Amino acid sequence: MARDDDYFRKRLLTVLCATWTAQACSVFALLGLADRIAAGTTGGTELAAAAGLDPVALRRLLAALADAGVLRQTGPDDFVLSGMGEYLRTDVPGSVRDTAVLYGQEVFASFAGLLDTVRTGRPAFTDRFGESFYQYLGGHPELAATFNGAMSTAPQPPPPPARLFDDAHTVVDVGGGDGGLLADLLRARPQLRGVLVELPEAAARGRARLAAAGVLDRVDVVVGSFFDQVPTGGDRYVLRRVLHNWNDGNVARVLARVRAAMPAGARLLVLEELLPAQPQHAGAGAGTWGAPRNRIVDLLMLVLMEGRDRTAAEYGRLLTDAGFAVTGVTDGAIEAVPV
């Protein structure tokens, strides 16, 4: 029993220290040190001189990251990137550099207000920064670029079943980010056209990605908020990782806009990472329950913005209230039609 108690105590202490490591990664990413190391500047003293940093403080930061496995220390003052550390570079596929920066700045400040959020139910971000998350992004373009960069490399829900687009002609991706879903669909289906609805910064990224995929000539990019406008004329409307950002009232507003735009015969696909309807065992050793990633992301949503992750049944009720009938749920894809 004593051995088990010590094991769990050490695991708990590791959890409690995790924010320190995350902050160290964030500072390392923000300073662009991974790119400098990848370019050949591996000495701590050289890195400090090149980046205008205190050499003793930087060496201690690098040593801590080496202990965490983000770097490898190859000499008393020499560090190289580990397999993990490679993903803090800006020029590698799947880079999480923007995620590290985002999590270490506004997200970290928001989690510092978790106690107040649990007491009041209000997002800590709003209290800390004086306006809602998306309002704040609108006034801080550098943060908006970092946020959109982080979202573009975040794990995505499984792609919707291909059969859902077999007879489609025009897919309207509402809040479609950098256009990744449309790029994949249009590359696979030469007869398909797309419409991307996004705010200016994300729309610009979308144009670039769609152009790189060779499909921009088949996409209309509509710049604006889906609270204000959703284009008509599509036969498939997609909301991919959109509704979880908003409370039930604003979800109703989005669905109402989409419902009003949809012609007869069109279908809506809601693509979300759904919370399980029942608790699922997720750690026999720790005796915990739940879907760990979904629920920790839901905690992020709690402090950052008004939204939350939901079960399929909860989305179903919101869709029904907005004038839709749910016709199927498959691998995170909820199919609905206007009624």
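For the structure, check the block above.
These lines cover the structure that appears in this document, whether it is placed above or below. (Residues numbered from 1 in each chain as written. Predicted model: local features only at pLDDT ≥ 70, side-chain atom pairs only at ≥ 80, totals over all residues. Heavy atoms only, no water.)

**Structural notes on the overall build of the protein chain**
Moving on, step 1. Along the backbone of the protein chain there are 15 helices and eleven strands.
Moving on, step 2. Taking 2.2 N^0.38 as the reference for a compact globule, 339 residues should give roughly 20 Å; the C-alpha atoms of the protein chain span a radius of gyration of 22 Å, in line with that estimate.
Moving on, step 3. Here the C-alpha coordinates of the protein chain stretch approximately 70 × 50 × 40 Å along the principal axes.
Moving on, step 4. Across the 339 residues of the protein chain, 45% fall into the buried class.
Moving on, step 5. Put simply, of all contacts in the protein chain between residues at least 6 apart along the chain, 62% involve residues at least 24 apart.
Moving on, step 6. If you sum the accessible surface of the protein chain, you get close to 16800 Å²; carbon and sulfur atoms cover 57% of it.
Moving on, step 7. Charge-centre separation for the protein chain: the mean point of 33 positive side chains lies 3 Å from the mean point of 38 negative side chains. (Helix = DSSP H or I, 4+ residues; strand = E, 2+ residues; numbered from the N terminus. Rg over C-alpha atoms; globule rule 2.2 N^0.38 Å. Buried < 20%, exposed > 50% of the residue type's maximum accessible area, 1.4 Å probe, protein only. Contact = heavy atoms within 4.5 Å. Areas by Shrake-Rupley, 256 points an atom, 1.4 Å probe, with all protein chains shown as cover. Lys, Arg positive; Asp, Glu negative; His and termini not counted. Charge placed at Lys NZ, Arg CZ, Asp CG, Glu CD.)

**Describing helix α12 (residues 200-212)**
An α-helical turn contains 3.6 residues, so any two residues separated by three or four positions project in the same direction.
Moving on, step 1. The end-to-end C-alpha separation of α12 is 19 Å, in line with the 18 Å expected for 13 residues at 1.5 Å each.
Moving on, step 2. Turning to α12, its buried residues are A202, A203, G206 and L210. For α12, the angular spread of buried residues about the axis comes to 100 degrees, placing them on one side. Seen from the buried face of α12, the exposed residues on the opposite side, beyond 90 degrees, are P200 and A212.
Moving on, step 3. Buried residues belonging to α12 abut α10 (141-152), α11 (180-188), β4 (193-198) and β5 (219-223).
Moving on, step 4. Looking one or two places after α12, you find G214, whose phi comes out positive at around 80 degrees. (Expected span 1.5 Å × (residues − 1). Arc of directions from axis to C-beta.)

**Describing the packing of helix α5 (residues 97-104) against α10**
Moving on, step 1. Running from N to C, α5 and α10 cross one another at 125 degrees; their axes reach a closest spacing of 8 Å. Considering the angle they form, α5 stands oblique to α10. For the element pair α5 and α10, the recorded crossing hand is left-handed. Of the residues in α10, those touching α5 at D98, T99, V101 and L102 are L143, A145, T146, F147, G149 and A150. (Axes fitted to C-alpha atoms, helices over the stretch in contact; angles between N-to-C directions. Parallel < 35°, antiparallel > 145°, perpendicular 65-115°, else oblique. Left-handed = near helix turned anticlockwise from the far one by under 90°.)

**Observations regarding the pairing of strand β3 (residues 170-174)**
Moving on, step 1. Counting buried positions along β3 gives five out of five residues, so the element sits mostly inside the fold.
Moving on, step 2. What you see with β3 is no split at all: T170, V172 and V174 on one side and V171 and D173 on the other are buried throughout.
Moving on, step 3. Pairing of β3 with β4, which is carried by five bridges, proceeds in the parallel orientation. Across the sheet, V172 pairs through a bridge with V195, a residue of β4.
Moving on, step 4. Taking the sense of rotation as the criterion, the β-α-β connection linking β3, α11 and β4 turns out right-handed.
Moving on, step 5. Bridge analysis of β3 against strand β6 (residues 236-240) gives three bridges, and the strand direction is parallel. Pairing of V171 across the sheet is with R236, part of β6. (Pairing = 2+ DSSP bridges. Right-handed = clockwise from strand over helix to strand, strands pointing away.)

**A look at the pattern of salt bridges**
Moving on, step 1. Evaluation of the coordinates by the stated rule reveals 17 salt bridges.
Moving on, step 2. Across the salt bridge formed by R241 and D309, the nearest N and O atoms sit 3.4 Å from each other. You can see R241 sitting in the loop between β6 and α13 (248-261) and its partner D309 sitting in the loop between α14 (292-304) and α15 (312-321), a full 68 residues away along the chain. Taken as a pair, R241 and D309 share a single burial class, namely buried.
Moving on, step 3. Here R310 and D248 are joined by a salt bridge, their closest N and O atoms 2.9 Å apart. Of the two residues, R310 sits in the loop between α14 and α15 while D248 sits in helix α13, which places them 62 residues apart along the sequence.
Moving on, step 4. In this structure R310 comes out as buried when scored by relative accessible area, which is 1%. (Salt bridge = Lys/Arg side-chain N within 4 Å of Asp/Glu carboxyl O.)

None of the figures reported here should be taken as evidence of function without further support.
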